[in-house]
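Single-letter residue listing:
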Amino acid sequence: MNDYNIKQLYEEMEIELITSMKRNLNRHLKEETKVGFQFTQWQAEKLKELKRYQRENRKIIGGYTKGLNEVISKQLQKELKQGSINAIKQFNKYHTDDKLKPSELMNKSFFQTNDRKVNSLIKVVNNDLNKANSAALRMINDEYRQVIHKSAFFVGNGVYTEKQAIDMATKDFLSRGLNCIEYADGRRINIASYAEMAVRTTSLRTHLMGEGDFRKSIGRTLVKVTSHGGACKLCTAWQGKILVDDVYSGGKSDGQHQLLSEAMNQGFLHPNCRHGLTTYYPELEDISYDTDEEELISDDLSDKYNYYERQEKKYTRLEKGSLFDDNIDYYRTKRLQYIEQQKLISMINDTRNVTSSEFQARTKGVTIGMSQENYSRFSPSENKIYLGTKSNFYDLIHELGHKLQSTFTKEEEKVYNKIIKRKFSKYTKNDFEVKTTKTGKYWLLKDSSDFVSKYQTRIYNGNRNFIFNKVNTNYALEYFSEGIKYYYENKKLLLEKDKELYEFIKGVVEKWI
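The structure displayed is predicted, hence computed values, not measured ones. (Residues numbered from 1 in each chain as written. Predicted model: local features only at pLDDT ≥ 70, side-chain atom pairs only at ≥ 80, totals over all residues. Heavy atoms only, no water.)

Draft legend 1. Layout of the packing of helix α15 (residues 393-405) against helix α17 (residues 479-489). It is the contact of α15 with α17, at a shortest axis distance of 8 Å, that shows an interaxial angle of 130°. One way to sum up the angle between α15 and α17 is to call them oblique. As for the relative orientation of α15 and α17, their crossing is right-handed in sense. Contacts from Tyr394, Asp395, Ile397, His398, Gly401, His402, Leu404 and Gln405 of α15 reach α17 at Phe480, Ser481, Glu482, Ile484, Lys485, Tyr488 and Glu489. A breakdown of the residues in the contact of α15 with α17 according to their chemical character gives 6 nonpolar, 5 polar and 4 charged. (Axes fitted to C-alpha atoms, helices over the stretch in contact; angles between N-to-C directions. Helix = DSSP H or I, 4+ residues; strand = E, 2+ residues; numbered from the N terminus. Parallel < 35°, antiparallel > 145°, perpendicular 65-115°, else oblique. Left-handed = near helix turned anticlockwise from the far one by under 90°. Contact = heavy atoms within 4.5 Å. Nonpolar A, V, L, I, M, F, W, Y, C, P; charged D, E, K, R; others polar.)

This is the structure:
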């Protein structure tokens, strides 16, 4: 079970504990209206049922965490082995005349030696998670008791209904979630985030241990720090640096490179760190030390994405734990809004990953937002893109294509006009069919087989969109933007359907014109 899986498990456990609280708090409220059951009686009933509620919570937590220690132990043993295998594969890739077999190096002695090392890490992480589980149980039980007393106070004021009062009493807790882990500095974090951090950190150290053992066996102790986008400020300074691994490979100072232990004392490879180490071979030139790490969201977007994700989790808890219908509807709306914002950040990041620096420079400054419509559009007057509900990042590239077209130089405009006029020259008005939607009237080619899509043939409505029965290409506003979408989504199709447009787009985004 990796760090993502364990975070997901604890998030699901948190939601089930919250729904259990809601279910127990909601019990007997209906009886109040049916048979005159008083709220003071409800309060007494809830306190009387506290032991049964505590048993229910213990059962929920036990159900989610049963066997978790064994699963984590197996995962860490796997990470240890995989670390050594990865290091051996890297060695074999560049030492073709002296290839090594993992089975020969990773013998019984290897596992006996490393079992002793990794078992201490397994014991620590499992012990930490067991303590976290106990803290979660204490918190949910304490919060339940406090909610009973708080809600009675709110009802006593005569301002709120019973359900509104309970929602008021649970709001603070639901907003925070099970932030039952407290650090020495007083900072508290959610149990799911803590579990993710604990497993990720231990997995990384176990993986590095496996790599280090291989380096020690071949007498290599120089390592290079991996690089990735979205790195924290603490670790950015170490990316790409060559260090002596005195922690996992038993290296000694060579007078040229800093020791890994010194870097770690300064904060490198901190808890939750995503960086890794690869064996450095100074005698080999022009080799790649890049790893297959997951693509992270770029630095300037990651803070926004993480904020939106936290807000989504917050409103999920509030939605699942509230009783009053109006509150539930409001929290659901907020949750969906933050999901949309995460989707938007992901699309922007994906667009950056596939488009050229020239494309990004020429479309910089465009505001991007989500629309409630099922279609996307670019507003030149606002310099803003409204993305539809079903949009993906290729749709975003399409809309950015409209912005890019507005930045054409005179020479680019001249070349483009020749291309689009040649493309539409053989068609007359009779080749088009009229379509009418709520956004307006437009024309589409009946047979669009010479284009990348039917949408690319759209001619917008206007007084002179056809002149002497021929297309006025000033109204063919989707030709370029749909072309650039396919330039990134399906180059082969664009080249097959429209070589001239392909070469033009390539020239524009690669600064050839």
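Draft legend 2. Up close: the side chain of Glu312. You can see Glu312 is positioned in helix α12 (residues 299-321). Salt bridges are absent for the buried Glu312, whose nearest opposite-charge side chain, Lys313, sits at 4.6 Å. Among residues more than four places away in sequence, those in contact with Glu312 are Arg335, Tyr338, Ile339 and Gln342. (Buried < 20%, exposed > 50% of the residue type's maximum accessible area, 1.4 Å probe, protein only. Lys, Arg positive; Asp, Glu negative; His and termini not counted. Salt bridge = Lys/Arg side-chain N within 4 Å of Asp/Glu carboxyl O.)

Draft legend 3. A look at unusual backbone geometry. Even without being a glycine, Leu269 presents a positive backbone phi close to 60°. Mapping Leu269 onto the fold places it in the loop between α11 (260-265) and β6 (277-279).

Draft legend 4. View of the confidence of the model for the protein chain. Looking at the protein chain, the pLDDT average stands at 89 and 91% of residues meet or exceed 70. Low pLDDT, under 50, characterises residues 291-295; the stretch is placed with 8 contacts to residues that sit more than four places away or in other chains. (pLDDT = per-residue confidence, 0-100.)

Draft legend 5. Molecular detail of the sheet that holds strand β9 (residues 384-387). As summarised here, the arrangement of the 3 strands in space is β7-β9-β8, forming an open sheet in which the pairing is mixed. The outermost strands of the open sheet, each flanked by one partner alone, are β7 (367-370) and β8 (377-379). Direction aside, neighbouring strands of the sheet carry axes that sit 20° apart on average. Here β7 pairs with β9 via 4 bridges, running parallel. By the bridge assignment, Met370 is partnered in β9 with Leu387. Packed onto the sheet, helix α13 (residues 325-354) meets β7 and β9 and runs at close to 140° relative to β7. Contacting β7, β8 and β9, α15 runs over the sheet at an angle of about 155° to β9. (Pairing = 2+ DSSP bridges.)

Draft legend 6. Representation of the pairing of strand β11 (residues 440-445). Two elements, strand β10 (residues 432-437) and β11, share 6 bridges in a ladder whose sense is antiparallel. From the neighbouring strand, Phe432 faces β11, where its bridge partner is Leu445. The hairpin turn running from β10 into β11, its antiparallel successor, is 2 residues long. One ladder, built from 2 bridges, connects β11 with strand β12 (residues 459-460); its direction is antiparallel. Residue pairing for β12: Tyr442 is matched across the bridge by Tyr460.

Draft legend 7. A nonpolar patch on the surface, seen in detail. Taken together, the side chains of Val159, Tyr160 and Met168 present a nonpolar region at the surface, about 260 Å² in accessible area. Among the secondary structure elements, Tyr160 is positioned in the loop between α7 (108-156) and α8 (162-176). (Patch = residues over 30% accessible without salt bridge, like charges linked within 9 Å, V, L, I, M, F, W, Y side chains within 5 Å. Areas by Shrake-Rupley, 256 points an atom, 1.4 Å probe, with all protein chains shown as cover.)

Draft legend 8. Representation of the sheet that holds β10. One open sheet holds the 3 strands; their spatial order is β10-β11-β12, and the pairing between them is antiparallel. Bordering the open sheet on either side are β10 and β12, each of which pairs with just one other strand.

Draft legend 9. Representation of the layout of surface pockets in the model. If you add up the space inside the second largest pocket, you get close to 890 Å³. Every residue lining the second largest pocket is counted, 33 residues in all, and those nearest its centre are His402, Tyr455, Arg458, Tyr460 and Glu478. Secondary-structure elements contributing two or more residues to the lining of the second largest pocket are β8, α15, α16 (410-424), β11 and α17. Of all the elements, α15 adds the most residues to the lining of the second largest pocket, at 5 residues. Broken down by class, the residue content of the lining of the second largest pocket amounts to 10 nonpolar, 13 polar and 10 charged. (1 Å grid on protein atoms, 1.4 Å probe; cavity = no way out; pocket = protein on both sides within 12 Å on 5 of 7 lines; lining within 4 Å. Points joined across faces, edges and corners; volume = space filled by probe spheres on them.)

Draft legend 10. Focus on the packing of aromatic side chains. What the rule picks out here adds up to 29 aromatic pairs. Measuring from centroid to centroid gives 5.7 Å for Tyr416 and Phe504, while their planes differ by 35°, and the two rings are tilted. Taken as a pair, Tyr416 in helix α16 and Phe504 in helix α19 (residues 499-509) lie far apart in primary sequence, 88 residues in all. As far as the burial class goes, Tyr416 and Phe504 line up, both buried. Taken together, the ring pairs connect Phe408, Tyr416, Phe424, Tyr427, Phe451, Tyr479, Phe480 and Phe504 into an aromatic cluster. A cation over an aromatic ring shows up here: Lys423 above the ring of Phe451, its NZ or CZ 4.9 Å from the ring centre. (Phe/Tyr/Trp six-rings, centres within 6.5 Å; stacked < 30°, edge-to-face > 60°. Lys NZ or Arg CZ within 6 Å of the ring centre and 35° of its normal.)

Draft legend 11. Seen up close, the nonpolar core. One finds Tyr10, Phe268 and Phe424 to be the most contacted residues of the largest nonpolar core, which totals 116 residues. At 15 residues, the largest contribution of residues to this core is made by α7. Once residues lying within four places of it in the same chain are set aside, the contact partners of Phe424 are Phe432, Phe451, Gln456, Thr457, Ile459, Val471, Thr473, Ala476 and Tyr479. (Core = buried A, V, L, I, M, F, W, Y, C linked by side-chain atoms within 4.5 Å.)

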